[in-house]
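Each chain, written out:
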Amino acid sequence: MLMAYPLEELGFARFLVEGEDGTILFEEGRARSNDGSTSLSDLPRVVYQEEGAAASTEAVAVTADRPAAIDLRLLSRTLHPTFSDHSLPAICRHYNITFSDEEAQQAVGALFPALLADAIRLDPELLALLSQLLPASTGDLMTRLISFAVQPAAAPPAQEKGDTPALLSAPPTVEEALAQDGPLAMGLTSFEDRSGQRDMAQRVCDLLEEGGTLVVEAGPGTGKTFAYLVPALLYLDDHPKERLILSTRTKQLQEQVYQKDLPFLTARLAPKIRIALLKGRTNYLCQRRWRIVLDETIEGLEQDLLPLLAPLASWLVRTDTGDIEENGAFFSDPRARKLWNRLYDDPHRCLGPACFHFDDCFSSLARRRARRADLVVVNHSLLLADQQSEQGIIGDYSSLIVDEAHALEGAARQAFTETLDQRALERLLREIEHPTGGRRTGGWLTRLPFPPTDTRALRIHDLQESLQGMNTRLFTELAASFPADLRGRLPKLDEFRPRIERLVQTAEELSKAIEAVGETLGTLTDTQEARREADGLSTDVERIACLFTVLFSPPAENTVHWYERYKGEILLHSSPLEVAPFLAERLYPKLEKFVLTSATLSLGGEFDYLDSSLGLSSAPGAATHAVAESPFCYEDRMRLYLPAYFPPVTGPLEESAEAIAACARTAADTTDRKILVLFTSYRLLRAVHQRLAPGGRVLAQGIDGPRSKLTARFKEEQGGMILLGTDSFWEGVDLPGSDLEILIITRLPFPVPTDPVFAALGERISAAGKDAFLDLSIPQAILKLRQGVGRLIRTNDDRGAVIITDQRIIKKRYGHLFSASLPVPGRQIRTTEDLLSDLGAWFSSG
């Protein structure tokens, strides 16, 4: 406890808490009234500067006589970098400090000693580093704590948990494992016997034993994850030389499976099975690059980045993985993504065994653990990147399970897309040499054992500067000459070809100059690190030069070149159209056992679209397909409304926005239920938000925060709350029970017809004699609609209504294809009064 070191000895017997309502005096940890006997101007001041708050208020005003206050939010982010929420209420909850908006300053006063108690337990070396990274007042605090720092006592040996499951005398069968009286039911109070789960698990079991390809659609409530994990673990337990890869769409699901599902299952079914989590190298911090950035930032003039490094410094001394996803504090700063480009484990910057940090390299350790594991959990991006490296990342395997397989086509297209922008070359040139203020420079060139006047160094410097100027001028002119559309196909670039040739020639000269220096370094002692860096830099310069050549040439077969405008910059892309040929060439030949599953894979019970888009005719064996039986009686759980009175989607946006806002508002007021409204465009979302926001209880994606924070806030609210979301809310969002009871879908989610990749793919399909609308647009839209509707019923206790306001589902000839794909028949409604009446009756009957 901090009381072993009185606040008086630390110089904080009395301190001031600044806030919007003035200043509160604290003495020995308690709020006091000032009797006027002493001046308050010399007392230390603290403030909790909430994210986005203005820094120019009286609470943080800085003068020569009045230094900046100690920012407790910054201190909290430094001490607790793995927390996902560093708001004052969240930090107070962690320390069991009572918080209310009315007494926020009192909470800050109570929080300060608690934070000091944790800070004083940090290693003195870490405190010394933090004193250099944090702003003056907070940094001075770290310095003051060094002489008081104490190390926490060693933790007692871990005791075995009382609920550790007994070891099985013999491994169960799949049927026994999922039985009502089986080992899983004994460990789960909420266990339910689900016939669909048992059927799917047996199919996966048979596939793993016999080989081939299995496609299983398993909707919400099926228990899909256990249905493939249980047979996978039992198979691996019975085949000790086998190795299986599980791929999920997102890192979030990857973490859930690894951190939650697999520990539970392995403990009860196959305790000897080794499991590992593996992400791409860009997720892991490189300790060598960290030291370089740290030294250059402290010594240079990038002082504004110093506080951004503090949460990294405190996290590094405690992390076992180096996975930046652990560090919620770091990425909460908008500047973090740019800085992370200089910190992650870049294979082209890796020194391998020559690196001083090789034995403790986070990325290398993760890959070594994965190669030793029987079951490795990856994500689609890494799975597909591994194909480009000839399984050099994940290692050899012949058994693969792909969850959320509906997203595999898009993930493959993204993985095989090449991207070039102005910053790509700038980042690389910065690695070679970059100014950090005054005459000092950073980068590889400044770490060479040559004087600045060395002709070889000067040659690289000149080429680097020349290339930098060419790159800047080129992208500036591209941004001015391209159409104003946010996305589009690359126009003819013939006028730029001469300068591209000069740029590529200069890049090749730079690559050769770096390579020549690297060869020279090979003859010197103590330069192995710089030589290995030279190899990577030379290769990267060549790679970017090649990419310039590709993107400024006509696209190859089955490829589209396109651009997009993002935050005022131009990005150039080269994307494959059909991904099946890539999968057939790189992935399928290595597989013997292949399982694909998702909640939405079929169209009317048929899997033709999936088979074609993924080229499953080239997958191992003849693909078999199944739809797992749902445990839900949707007729009792869901009501689907198709109101016929909404304006057409081709009409004025204002009319649609008014009608949708009125529908959401009246439904919320009448039923007092929580409502999620799904959009296909931000423009319509913003228009609806403008009509709901005045006096309404509404949260909107892109306006009130990102998806994760919006979802958490939405769950905390009571009935009658409205949440507006776009693309990322159509899938992967769980709002069970009363957290979501009405779902409004504003548009059938057709792909944007002008999207350059989609348009080019449609042209390719049409050239093959197919109908791009029927064979591409409609299948993609139906699958996404099913994903969206799937947000409503997630558990056996869920009950609610879906309202689709797009008139095309009623009035277009293809509309029946959409309605037939949904779990229940739609009810056409003629008036708002009829809708509200039926909604009221529906919820009353439940």
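Use the structure listed above.
Conventions we followed
- Residues numbered from 1 in each chain as written.
- Predicted model: local features only at pLDDT ≥ 70, side-chain atom pairs only at ≥ 80, totals over all residues.
- Heavy atoms only, no water.
- Patch = residues over 30% accessible without salt bridge, like charges linked within 9 Å, V, L, I, M, F, W, Y side chains within 5 Å.
- Areas by Shrake-Rupley, 256 points an atom, 1.4 Å probe, with all protein chains shown as cover.
- Salt bridge = Lys/Arg side-chain N within 4 Å of Asp/Glu carboxyl O.
- Helix = DSSP H or I, 4+ residues; strand = E, 2+ residues; numbered from the N terminus.
- Buried < 20%, exposed > 50% of the residue type's maximum accessible area, 1.4 Å probe, protein only.
- Disulfide = S-S within 2.5 Å.
- Pairing = 2+ DSSP bridges.
- Axes fitted to C-alpha atoms, helices over the stretch in contact; angles between N-to-C directions.
- Expected span 1.5 Å × (residues − 1).
- Contact = heavy atoms within 4.5 Å.
- Parallel < 35°, antiparallel > 145°, perpendicular 65-115°, else oblique.
- Left-handed = near helix turned anticlockwise from the far one by under 90°.
- Core = buried A, V, L, I, M, F, W, Y, C linked by side-chain atoms within 4.5 Å.
- Arc of directions from axis to C-beta.
- Nonpolar A, V, L, I, M, F, W, Y, C, P; charged D, E, K, R; others polar.

A.B. asks: So what about a nonpolar patch on the surface? Which residues, and what values?
C.D. replies: Together, F773, L774 and L817 make up an exposed nonpolar region whose accessible area comes to about 240 Å². Structurally, L817 is set in helix α31 (residues 815–820). Among the residues examined, L817 registers a relative accessible area of 35% and is labelled partly exposed.

A.B. asks: Break down the state of the cysteines for me, with residues and values.
C.D. replies: One pass over the structure, following the stated rule, counts 0 disulfides. Free cysteine: C350, not disulfide-bonded; nearest cysteine sulfur from C361 at 6.0 Å.

A.B. asks: Would you mind going over the sheet that holds strand β8 (residues 275–277) in detail, with residue names and values included?
C.D. replies: Ordered in space as β8-β9-β7-β10-β17-β6-β18, the 7 strands form an open sheet in which the pairing is parallel. In this open sheet, the two edge strands, each paired with only one partner strand, are β8 and β18 (624–627). Strand-to-strand twist of the sheet, defined as the mean angle between neighbouring strand axes without regard to direction, takes the value 15°. Of the strand pairs in this sheet, strand β6 (residues 212–217) and β18 are connected by 4 bridges, and their pairing is parallel. Bridged to V215 within β18 is H625.

A.B. asks: Residues and numbers for the pairing of strand β10 (residues 399–403), please.
C.D. replies: Within β10, 5 of the 5 residues are buried, which leaves it mostly tucked inside the rest of the structure. Here β10 shows no split at all, with S399, I401 and D403 on one side and L400 and V402 on the other all buried.

A.B. asks: Provide a residue-level description of helix α4 (residues 104–119), including the pertinent values.
C.D. replies: Helical geometry: 3.6 residues make up each α-helical turn, so side chains three or four residues apart lie on a common side. The first and last C-alpha atoms of α4 sit 22 Å apart over 16 residues, in line with the 22 Å expected at 1.5 Å per residue. Taken across its 16 residues, α4 has 12 buried, putting it largely inside the fold. Those residues of α4 that fall on the buried side of the exposure criterion are Q105, A107, V108, G109, L111, F112, P113, A114, L115, L116, A117 and A119.

A.B. asks: Which residues make up the side chain of N327, and what values go with them?
C.D. replies: Here N327 is to be found in the loop between α13 (306–316) and α14 (336–340). Judged by relative accessible area, which is 1%, N327 ranks as buried. Apart from the residues within four sequence positions on either side, N327 is in contact with P81, T82, P311, L312 and W315.

A.B. asks: Now, about the packing of helix α18 (residues 422–432) against helix α19 (residues 455–481): what can you tell me, with residues and values included?
C.D. replies: Contact geometry for α18 and α19: axes closest at 10 Å, N-to-C directions at 165°. Comparing their axes, α19 and α18 come out roughly antiparallel. Both α18 and α19 take part in a crossing whose hand is left-handed. For the pair α18 and α19, contact is made by Q422, L425, E426, L429 and I432 and by I460, Q464, L467, Q468, N471, T472 and F475, respectively.

A.B. asks: Would you mind going over the sheet that holds strand β1 (residues 14–19) in detail, with residue names and values included?
C.D. replies: Taken together, 5 strands build an open sheet; the order of strands is β3-β2-β1-β4-β5 and the sheet is mixed. Edge positions in the open sheet fall to β3 (30–32) and β5 (70–71), since each of these has one partner strand only.

A.B. asks: Residues and numbers for unusual backbone geometry, please.
C.D. replies: Even without being glycine, N96 reaches a positive phi, approximately 55°. Along the chain, the position of N96 falls in the loop between α3 (88–94) and α4. Even without glycine at this site, N558 takes up a positive phi of about 60°. Given a relative accessible area of 10%, N558 falls into the buried group.

A.B. asks: Give me the nonpolar core: which residues, what numbers.
C.D. replies: Generally speaking, a soluble globular protein has its nonpolar side chains buried in company with each other. Core analysis: the biggest nonpolar cluster contains 97 residues, and L278 and F330 have the highest contact counts within it. Residues L420, L474, V504 and L572 belong to the second largest nonpolar core, which totals 44 residues.

A.B. asks: Talk me through the environment of T549; I want residue IDs and the actual numbers.
C.D. replies: Looking at the element boundaries, T549 is found in helix α21 (residues 528–551). Exposure remark for T549: the relative accessible area of 38% places this residue in the partly exposed category. Along the backbone, T549 and I722 are 173 residues apart, and their C-alpha atoms lie at a distance of 50 Å.

A.B. asks: So what's going on with the pairing of strand β9 (residues 375–379)? Residues and values would help.
C.D. replies: Burial within β9 is extensive, with 5 of its 5 residues counted as buried. Two strands pair when backbone bridges link them, and strand β7 (residues 244–248) and β9 are joined in this way by 5 bridges, in the parallel orientation. Within β9, the residue paired with I245 across the bridge is V376. Summarising the sheet, β8 and β9 pair through 3 bridges and their orientation is parallel. Pairing of I275 across the sheet is with L375, part of β9.

A.B. asks: I'd like a rundown of the pattern of salt bridges, residues and numbers included.
C.D. replies: Inspection of the entire model under this criterion finds 46 salt bridges. Here D333 ties to R335 by a salt bridge, and the two come within 2.9 Å at their closest N and O atoms. Of the charged contacts in the structure, one is a salt bridge between R456 and D454, with a shortest N-O distance of 2.9 Å. Residue R456 is classed as partly exposed on the basis of its relative accessible area of 33%. The exposure class assigned to D454 is buried, which follows from its relative accessible area of 13%. Residues joined by salt bridges that share partners form a network here, namely R288, E296, R342, R447, E529 and E533.

A.B. asks: Give a detailed account of the side chain of D333, specifying residues and quantitative values.
C.D. replies: Here D333 lies in the loop between α13 and α14. Apart from residues lying up to four places away in sequence, D333 is in contact with R77 and L308.

A.B. asks: Explain helix α32 (residues 832–845) to me, and be specific about the residues and the numbers.
C.D. replies: Between its first and last C-alpha atoms α32 spans 20 Å; for 14 residues at 1.5 Å apiece the expected length is 20 Å, and the two agree. All of the buried residues in α32 are L835, L836, L839, W842 and F843. Down the axis of α32, the smallest arc covering the buried residues is 125°, so these residues share one side. Residues of α32 that are exposed and point over 90 degrees away from its buried face: E833, S837, S844 and S845. Check the buried side of α32 and you find it contacts α24 (634–637), β19 (638–643), α25 (653–671), β23 (742–745), β24 (800–804) and β25 (826–829).

A.B. asks: With reference to specific residues and values, describe the packing of α25 against α32.
C.D. replies: Here α25 crosses α32 at 40°, and the two axes come no closer than 10 Å. Note on packing geometry: the crossing formed by α25 with α32 is right-handed. Counting all contacts with α25, which are made through C663, T666, A667, T670 and T671, the residues of α32 involved are L835, L836, L839 and F843. A class-by-class count of the residues in the contact of α25 with α32 yields 6 nonpolar, 3 polar and no charged.

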